[in-house]
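# Structural characterization, general
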Amino acid sequence: MIGRDAELRLARDLLAGAAAGNGTALLIHGPAGVGKTALLRAATAEAAERGFTVLHMAGVETERWFPFAALNLLLQPMIREIDRLPAAHRTVLRAAFGADDTEPDVYRVGLAVLELLADAATRRPVLVVADDIQWIDPSTRDAMLFVARRAHGHALLVLGASRPDGSGRIGSGYTPELSLAPLDRTAAAELLDAQAPALQPQLRALILDRAAGNPLALIELPKAVQDAPASTDDLPLTQRLETAFAARTDSTSPSSRALLLALAAEPNAALHRLLEAAGQVTGSIVTVDALQEAADAGLITITDGRPEFRHPLMRSAIYNRARVTHRLAVHRALAAILADQPDRRLFHQAAATIGPDEELADRLEQFADASLARGKVAAAVPALQQAASLVRDQRRRTSVLVRAAELSGQLSHRGRTRALLAGADPAVMGPVERARLLLVSDNAAFEPDEPQRRIHDMLTAASGAAAAGARDVADNLLWRAASRCFFQDGDAATRAELAAVADRWAAGPDDPLLLAVRAYAEPYRYGVPVLGQLDRLDLDRLDGRAVHYLGSGTMGFGDFTHSSRLLARAATNWRAQGRLGLLARSLAGAWPRYYLGQLDQARSDAAEGVALAEETGEAIVLLGVRSVSALVAVTRGDVPTAEEMVRKLRADPLLTGMPFASSITLQAEGLLALLGGRVEEAYDLLARLFDPADPHYHSVSRWLVAPDLADAALAAGTVEPARELLAELPALARSLPTEMMTTAYAYTSAVLAPDDEGEERYASALAMLPSSVQLVRARLHLNHGRWLRRRRRQLDARAPLRTARDEFDRLGARPWAELARDQLRATGESSGRRHENLSDQLSAQEMQIATLAAEGLTNREIGQRLFISHRTVGAHLYRIYPRLGVSGRRQLAAALGGAQSSY
């Protein structure tokens, strides 16, 4: 390869790293012809010389109809290895490849593939090569993204190549990425001279100019530039190349051209079927001589007895250059020949149709219905999209497109969902379609602006859908409206409208959706009755979604204990189903865990939530779990991590429209300033959260910050202004006596009390403070000790300061523990060095693994819970044991102090 020395060195380095067990994934992206495939071939050859097992797949546009089609081809060389997997993984892969009537969840398929490749990599390092990722079917692409993110720690390298598609999702699992640029002038000239050494100077200069450093153009244009029509000069480079490729078919026989067209329309068909299809198009018998003719013309290669185009542009060039009548004919022929493959037959029948065809549209919808009945959502989407293009009635077309968009949204394919919605016409929609459109569009492209209007529109549409009998659509839209109302802090009128709509069609007072919506909409009005109803519910009879509703709703008004338990229960449900997007949402339970002082669990949940939200594209969830990660990090004294999370949050354009997440972000910044000794800055930051005109203001969750504001006010000497900011707290705490409100009131009433009232206020606050809020209780003991010191009661101060120190040590709140030690030293009592907390020795994921291993789970069971390879689990445990001073998993429980898990 000419001009690619740096890229080849990178590929060799990655191969060497993978061979040493330090696997990774690399995405090579760039325009057609820039050399992506050539680089992959060079890496493949290098890997083969190094003794790698090499697996290869390439995307084909026609295959995007068929879920896991590319994955099936990729794993064909390892079919026998699949039989060695545990039963659960074998079943998943066989289902993915059509062995039964259901389509498994893509992430469970990804985990099974990861286990397959990780096991194979223990014998020989593995290279997975994925070319033209932009055309690989979405199910395969998502499964391989899952694998790519988890290649580290295995003798596994995943190399992908893609043209830019603008979605941002193709490369979301590949780190690092390599943008392949055109060759520089010197390298381009060297390549051209190597390919066409006898060019006249004027023609050589023309080709160098037209090729613009594109290697494929430098190779192919000299073969065609003299015969190409002058009109091609004005075409984009890709089209000029396509014209050059297609022109090379002009000298081939009709039989060879028909065979090439059949191959372009169905690249993965068996050769005998391609020959038969070509014969039907030409009306004569087509033999392998036509295949050899195409190979001699340099258009195809023959690999393992199968023809392949030398470059994807050749395929598109031949297909697009063919006459429409010939394209229709080849699709009709393929439809007849593939009668034993109903899915592919239907695809070719659709491709052979011009203009509306209601009967074929009906069959495509029936195919989608049958696919959905078997759980094959990914297969239904393209069928519905094709059906929509074949119907005459605009209303029906819109209804089909919205349905396709709903299913695409379930698969987290937001780019495709937006494209489907763009073809829908809201003007012809009925009430149910309008509600479905709002529901899907809100999920596919969350728009943070104008929240009050958007919530009103959603509630109007939900009411219309409910009146039309579509309660499932209405309920889902009501929930999204309620979520917006809380996270974007709807105004009083919007909250009242939300509550009224929920009241009108609630199934009953124990309806989980009604309780959650009331908690979100008007917490000060409904908080007490919601908590009363919650204790009477039979949670065992509720599905995961209903439990999630309740957990999220109670989180919204600050009932930490209920919300953490409910969201943990919902998370368990989503784990079992492999629903990683929903799991990321439930891991927002890290937020109430923080206020309960469960810092280790909050750190693990938030870290996993960040990883899963990034992986599944849950942008709003990502804001929440990142902000909690920042809070946990600053409380543990991990300033670099806290600052990094804050930087990422501030760089996210969605943050400014989400007061809930932005308020937590500002809280983390305030704590960084407070614990960093910048007390005036801390107070100014935290006080902004109580200003209704500030974009960080949230009418409910501001009370979470009240203890932090009180500490900053005491340190900065701004106690009186802080009392004014908190003036309405006593009345609101009486109307909503949740852990959040009670904690805020008890803590601030003591910390901000006049010195002469401190004795009574601290005693009252400690009695009032919920026992569950361990971190805040320790902080209250710290402040009590400080107050006693200010009263010169040094000996009396020691007891609360010791309590605070010991509790902070236990929780892992290092900065607060050091403050308590400083205060103790000031009383004349020395304090020993802090014992290292478990979370200081282990990462968030290592804490998860150690806890699950202590509970007796095997490595495979832990891997299935955490969606990682069992070999990754084993590697982590190998590093964990010496850090905890144990020799095996039997001693883990004692080392962890009986830690319990919700994973």
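Figured I'd write up the structure that's included with this text. Because the structure is a prediction, the values reported are computed rather than measured.

Glancing now at the packing of helix 13 (residues 271-282) against helix 16 (residues 324-337). Where helix 13 contacts helix 16, the two axes come as close as 9 Å, and the packing angle between them is 130°. The angle between helix 13 and helix 16 places the two elements in the oblique class. Helix 16 is crossed by helix 13, and the crossing has right-handed handedness. Residues Arg273, Glu276, Ala277, Gln280 and Val281 of helix 13 form the contact with helix 16, whose own contacting residues are Ala329, Val330, Ala333, Leu334 and Ile337. Of the residues assigned to the contact of helix 13 with helix 16, the class counts are seven nonpolar, one polar and two charged.

Next up on the list: helix 33 (residues 619-636). Every α-helix carries 3.6 residues per turn, so stepping three or four residues along brings you back to the same face. With 18 residues, helix 33 ought to run about 26 Å at 1.5 Å a step, and its terminal C-alpha atoms sit 26 Å apart, in line with that. Buried residues dominate helix 33, accounting for 16 of its 18 residues. Gly637 sits one or two positions beyond helix 33 and adopts a positive phi of about 85°.

Quick look at the environment of Leu114 now. Among the structural elements, Leu114 can be located in helix 6 (residues 106-121). Taking the C-alpha atoms as reference points, Leu114 and Ala419, separated by 305 residues in sequence, lie 31 Å from one another. Sequence-distant contacts of Leu114, that is, excluding residues within four places in its chain, are made with Phe146, Val147, Arg150, His154, Ile868 and Ser869.

To continue, consider the environment of Arg480. Within the secondary structure, Arg480 sits in helix 24 (residues 471-487). Residues Arg480 and Gly98 lie 382 residues apart in sequence; the distance between their C-alpha atoms is 35 Å. In this view, Arg480 contacts Leu439, Asp442, Asn443 and Met458; residues no more than four positions away in its chain are not counted.

Moving on to unusual backbone geometry. With phi around 60°, Arg792 is a residue other than glycine that occupies positive phi space. By secondary structure assignment, the location of Arg792 is in the loop between helix 42 (774-790) and helix 43 (794-811). Of note, Phe867 is a non-glycine position whose phi angle comes to about 60°, a positive value. Within the secondary structure, Phe867 is located in the loop between helix 47 (859-866) and helix 48 (870-884).

All right, on to the pattern of salt bridges then. Two side chains of opposite charge can pair, provided their charged atoms sit close to one another. The tally for this structure, following the rule as stated, stands at 51 salt bridges. As a salt-bridge pair, Arg585 and Glu618 come within 3.2 Å of each other at their nearest N and O atoms. Linking Arg585 in helix 30 (residues 580-586) with Glu618 in the loop between helix 32 (599-616) and helix 33, this pair joins segments that are 33 residues apart in sequence. Owing to a relative accessible area of 9%, Glu618 belongs among the buried residues under this scheme. Across the salt bridge formed by Arg702 and Glu728, the nearest N and O atoms sit 2.9 Å from each other. Pair noted here: Arg702 is in the loop between helix 36 (679-687) and helix 37 (706-716) and Glu728 is in the loop between helix 38 (719-725) and helix 39 (729-735), with a separation of 26 residues, a long-range link. Exposure remark for Glu728: the relative accessible area of 39% places this residue in the partly exposed category. The network of salt bridges with shared partners includes Glu358, Asp362, Glu365, Asp369, Arg392, Arg396 and Arg403.

For the rest of this paragraph, the subject is the pairing of strand 1 (residues 24-29). Along any regular strand the residues' side chains alternate between the sheet's two faces. Relative to strand 4 (residues 156-162), strand 1 is paired through six bridges, and the arrangement is parallel. Within strand 4, the residue paired with Ile28 across the bridge is Ala161. Bridge count for strand 1 against strand 5 (residues 177-179) is three bridges, and the pairing is parallel. When the bridges of strand 5 are listed, Leu27 appears paired with Glu177.

Once that is clear, we can look at helix 36. Those residues of helix 36 that fall on the buried side of the exposure criterion are Val679, Ala682, Tyr683, Leu685, Leu686 and Ala687. On its buried face, helix 36 sits against helix 35 (659-675), helix 37 and helix 38.

Now for the sheet that holds strand 4. The five strands are arranged 2-3-4-1-5 in an open sheet whose pairing can be described as parallel. A strand with exactly one partner marks an edge of an open sheet, and here the two such strands are strand 2 (53-58) and strand 5. Averaged over all adjacent pairs, the angle separating strand axes in this sheet is 15°, with direction ignored. Each of strand 1, strand 2, strand 3 (126-131), strand 4 and strand 5 is contacted by helix 2 (residues 36-49), which is oriented at about 165° to strand 3, the strand it contacts most.

Two descriptors summarise a pair of aromatic rings, namely the distance from one centre to the other and the angle between the planes of the rings. Summed over all chains, the structure comprises 16 aromatic pairs. Geometrically, the ring pair formed by Phe487 and Phe660 is edge-to-face, given 5.2 Å between the ring centres and 80° between the ring planes. Pair noted here: Phe487 is in helix 24 and Phe660 is in helix 35, with a separation of 173 residues, a long-range link. Of the residues examined, Phe660 reaches a relative accessible area of 6% and is grouped as buried. Every member of this aromatic cluster is reached through a ring pair, and the members are Trp479, Phe486, Phe487, Tyr520, Tyr549, Phe560, Trp591, Tyr594, Tyr595 and Phe660. If you follow Arg150 out to its NZ or CZ, it ends over the ring of Phe146, 3.6 Å from the centre. The ring of Phe66 carries Arg344 above its face, with NZ or CZ at 4.3 Å from the centroid.

Further remarks concern the packing of helix 6 against helix 7 (residues 138-149). Packing of helix 6 against helix 7 leaves a shortest axis separation of 8 Å and a crossing angle of 55°. Taken together, the axis directions place helix 6 and helix 7 in an arrangement best described as oblique. Classified by chirality, the crossing of helix 7 by helix 6 is right-handed. Between helix 6 and helix 7, the residues in contact are Val106, Tyr107, Val109, Gly110, Leu111, Val113, Leu114 and Leu117 and Ser139, Asp142, Ala143, Met144, Phe146 and Val147, respectively. In the contact of helix 6 with helix 7, the residues fall into 11 nonpolar, two polar and one charged.

Conventions we followed
What you see as residue numbers is a count from 1 along each chain, following the sequence as written. Only residues with pLDDT of at least 70 are given local features in this predicted model, and only at 80 or more are side-chain atom pairs given and counted; all residues enter the totals for whole chains, interfaces and linings. Only hydrogens and water are set aside; all other atoms, that is, all heavy atoms of the structure, feed into the side-chain values. Lines fitted to C-alpha atoms define the axes here, with helix axes fitted over just the stretch in contact, and angles between the N-to-C directions of these axes take values from 0 to 180 degrees. Numbering of helices and strands runs from the N terminus; a helix is a DSSP stretch of H or I covering at least four residues, while a strand is a stretch of E covering at least two. Any angle from 65 to 115 degrees is called roughly perpendicular, while one under 35 is roughly parallel, one over 145 is roughly antiparallel, and all others are oblique. Crossing handedness is defined as follows: a turn of the near helix away from the far one that is anticlockwise and smaller than a right angle gives a left-handed crossing, while the clockwise case is right-handed. Should any heavy atoms of two residues lie within 4.5 Å, those residues are counted as being in contact. Under this grouping Gly is polar, as are all residues other than the nonpolar Ala, Val, Leu, Ile, Met, Phe, Trp, Tyr, Cys and Pro and the charged Asp, Glu, Lys and Arg. To estimate how far a helix should extend, the number of its residues minus one is multiplied by 1.5 Å. With a 1.4 Å probe rolled over the protein chains alone, any residue whose accessible area is under 20% of its type maximum counts as buried; one over 50% counts as exposed, and the rest are partly exposed. Salt bridge, as applied in this entry: a Lys or Arg side-chain nitrogen positioned within 4 Å of an Asp or Glu carboxyl oxygen. Between any two strands, at least two bridges found by DSSP are needed for them to pair. Stacked, edge-to-face and tilted are the three classes for Phe, Tyr and Trp ring pairs, Trp counted by its six-membered ring, which pair at centre distances within 6.5 Å; planes under 30 degrees apart are stacked, over 60 edge-to-face, the rest tilted. Lysine NZ or arginine CZ positioned within 6 Å of the ring centre and within 35 degrees of the ring normal marks a charge as sitting over the ring.

None of this, on its own, says anything about what the molecule does.
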